[in-house]
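As a plain string of letters, each chain reads:
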Amino acid sequence: MTSSKKTIACFGATGGCVGAALAHALKNDHHCTALARDPQKLRHALTNEHDVPASTIEQLLTIVEGDVKDTTAVTRALISPSNPDAIVDIILSGIGAYPTFQFSIRQPFPLTDPTISETAIQTIFQVLSGLYAASKPDFPSGKAVEKPLLVAISTAGCGRRRSVPLSIYLPYHYFLGSPLADKKRMEALIQRDYAAHVRDFVIMRPLFLTEGEAKGDGAIRIGWEWGVESIKPNVNEPGPAIGYSISKKDVGLWIFTNLVTQSGWEGKCVYTVY
């Protein structure tokens, strides 16, 4: 079902899947906010990597300078850019950290911040709780605010079933154990506490993300499973689509096409691969 224009808050938009989804949203006249430690870097990425006109960025995007651990900045990003009496309709979170090499048998590629994905969702939930509390009765107009949809970028390997090819299963879990552990904690937090903070969630589980150009929906294989298995037990889930890679731009395009402008994926963990 096609929906009207949405307001969207983006976290981790400077690069990756959320940045691609943000670019499509701006090109299609959705009002957005984006939290960025370096606003100029975000503008450069949107104009040079995604061909978003500078005038469109100026008109439709509110960039909040700050870090996802800063509750004041996160609060500003979550307020609707088109209505100060409301929270955004959709939250896109692609916060993560890159692993670095160290000489260690147990953990050869640790994260610079080993809990960053989990912390980002914790902060977003904390801020949302404060905004809901303030809306009763004085945020900002005395009316209760509607809860947003949360879309979070995770990774394959976090679900109940095997979603990584057998040929790389063991090295994937060994070398990327630290990022995988952070994403698993993030997912567990969302699945446990989402009902108090957002109207629903979608978790994206791509495997290896590339910098390639988007190939479009026709090139993407989709699988999914319920994030909370007990919620809708009578609907069969197809399970993961197993593959090796997909471009960040294709994941962003899929998010925009299927989650921003349509509905029907709520409560699901979605696998996207070529």
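Residues numbered from 1 in each chain as written. Predicted model: local features only at pLDDT ≥ 70, side-chain atom pairs only at ≥ 80, totals over all residues. Heavy atoms only, no water.

As annotated in an unreviewed UniProt entry, the protein carries the name NAD(P)-binding domain-containing protein and comes from Stachybotrys elegans. Word for word, the UniProt comment on the protein under Sequence similarities (unreviewed entry) is "Belongs to the avfA family." (UniProt positions renumbered as here; feature names shortened; annotations may be inferred.)

Caption draft 1: Fine view of unusual backbone geometry. Unlike most non-glycine residues, Asp 29 shows phi in positive territory, near 70 degrees. Residue class for Asp 29 comes out partly exposed when judged on its relative accessible area of 48%. Positive phi, normally seen in glycine, also occurs at Asp 51, with a value near 60 degrees. Here Asp 51 shows up in the loop between helix 2 (39-48) and helix 3 (54-60). Exposure remark for Asp 51: the relative accessible area of 57% places this residue in the exposed category. (Buried < 20%, exposed > 50% of the residue type's maximum accessible area, 1.4 Å probe, protein only. Helix = DSSP H or I, 4+ residues; strand = E, 2+ residues; numbered from the N terminus.)

Caption draft 2: The arrangement of the layout of surface pockets in detail. A volume near 190 Å³ is recorded for the second largest pocket. Taken together, 15 residues make up the lining of the second largest pocket; nearest its centre are Asn 83, Ala 86, Ile 87, Asp 89 and Glu 146. Within the lining of the second largest pocket, the residues separate by chemical class into six nonpolar, four polar and five charged. (1 Å grid on protein atoms, 1.4 Å probe; cavity = no way out; pocket = protein on both sides within 12 Å on 5 of 7 lines; lining within 4 Å. Points joined across faces, edges and corners; volume = space filled by probe spheres on them. Nonpolar A, V, L, I, M, F, W, Y, C, P; charged D, E, K, R; others polar.)

Caption draft 3: Structural detail: empty space enclosed by the protein. Applying the stated rule across the entire model yields one cavity of 30 Å³ or more. If you go around the largest cavity, the residues you meet are Ala 156, Ser 163, Arg 205, Pro 206, Leu 207, Ala 241, Ile 242, Gly 243, Tyr 271 and Val 273. When grouped by side-chain class, the residues that make up the lining of the largest cavity number seven nonpolar, two polar and one charged.

Caption draft 4: Focus on the packing of aromatic side chains. Applying the stated rule across the entire model yields five aromatic pairs. Ring centres 4.9 Å apart and planes at 65 degrees place the aromatic pair Tyr 174 and Phe 175 in the edge-to-face group. On the basis of relative accessible area, Phe 175 is assigned to the partly exposed category, the value being 38%. With centroids separated by 4.9 Å and ring planes inclined at 75 degrees, the aromatic side chains of Trp 224 and Trp 226 adopt a geometry described as edge-to-face. Of note, Lys 147 hangs over the ring of Tyr 132, and the distance from its end group to the ring centre comes to 5.8 Å. (Phe/Tyr/Trp six-rings, centres within 6.5 Å; stacked < 30°, edge-to-face > 60°. Lys NZ or Arg CZ within 6 Å of the ring centre and 35° of its normal.)

Caption draft 5: Region of the structure containing the pattern of salt bridges. Across all of its chains, the model carries 10 salt bridges by this definition. Glu 118 is the salt-bridge partner of Arg 185, the closest N and O atoms lying 3.1 Å from each other. Separated by 67 residues along the polypeptide, Arg 185 in helix 7 (residues 177-193) and Glu 118 in helix 5 (residues 116-134) bring together distant segments of the chain. Residue classification places Arg 185 among the partly exposed residues on the basis of a relative accessible area of 33%. Judged by its relative accessible area of 17%, Glu 118 is buried. (Salt bridge = Lys/Arg side-chain N within 4 Å of Asp/Glu carboxyl O.)

Caption draft 6: Summary view of helix 1 (residues 16-27). Counted at 1.5 Å a residue, the expected span for helix 1 with its 12 residues is 16 Å, and the 17 Å between its end C-alpha atoms agrees. Extensive coverage of helix 1 is indicated by the burial of nine of its 12 residues. Three or more residues of helix 1 are buried, namely Cys 17, Val 18, Gly 19, Ala 20, Ala 21, Leu 22, Ala 23, Ala 25 and Leu 26. Just downstream of helix 1, Asp 29 is the residue with a positive phi angle, here 70 degrees. (Expected span 1.5 Å × (residues − 1).)

Caption draft 7: Just the packing of helix 5 against helix 7, in detail. Relative to each other, helix 5 and helix 7 sit at 25 degrees, their axes nearing to 7 Å. With respect to helix 7, the axis of helix 5 lies roughly parallel. Between helix 5 and helix 7, the contacting residues are Ile 116, Ser 117, Glu 118, Ile 121, Gln 122 and Phe 125 on the first element and Asp 182, Lys 183, Arg 185, Met 186, Leu 189, Ile 190 and Asp 193 on the second. Here the residues of the contact of helix 5 with helix 7 are counted per class, giving six nonpolar, two polar and five charged. (Axes fitted to C-alpha atoms, helices over the stretch in contact; angles between N-to-C directions. Parallel < 35°, antiparallel > 145°, perpendicular 65-115°, else oblique. Contact = heavy atoms within 4.5 Å.)

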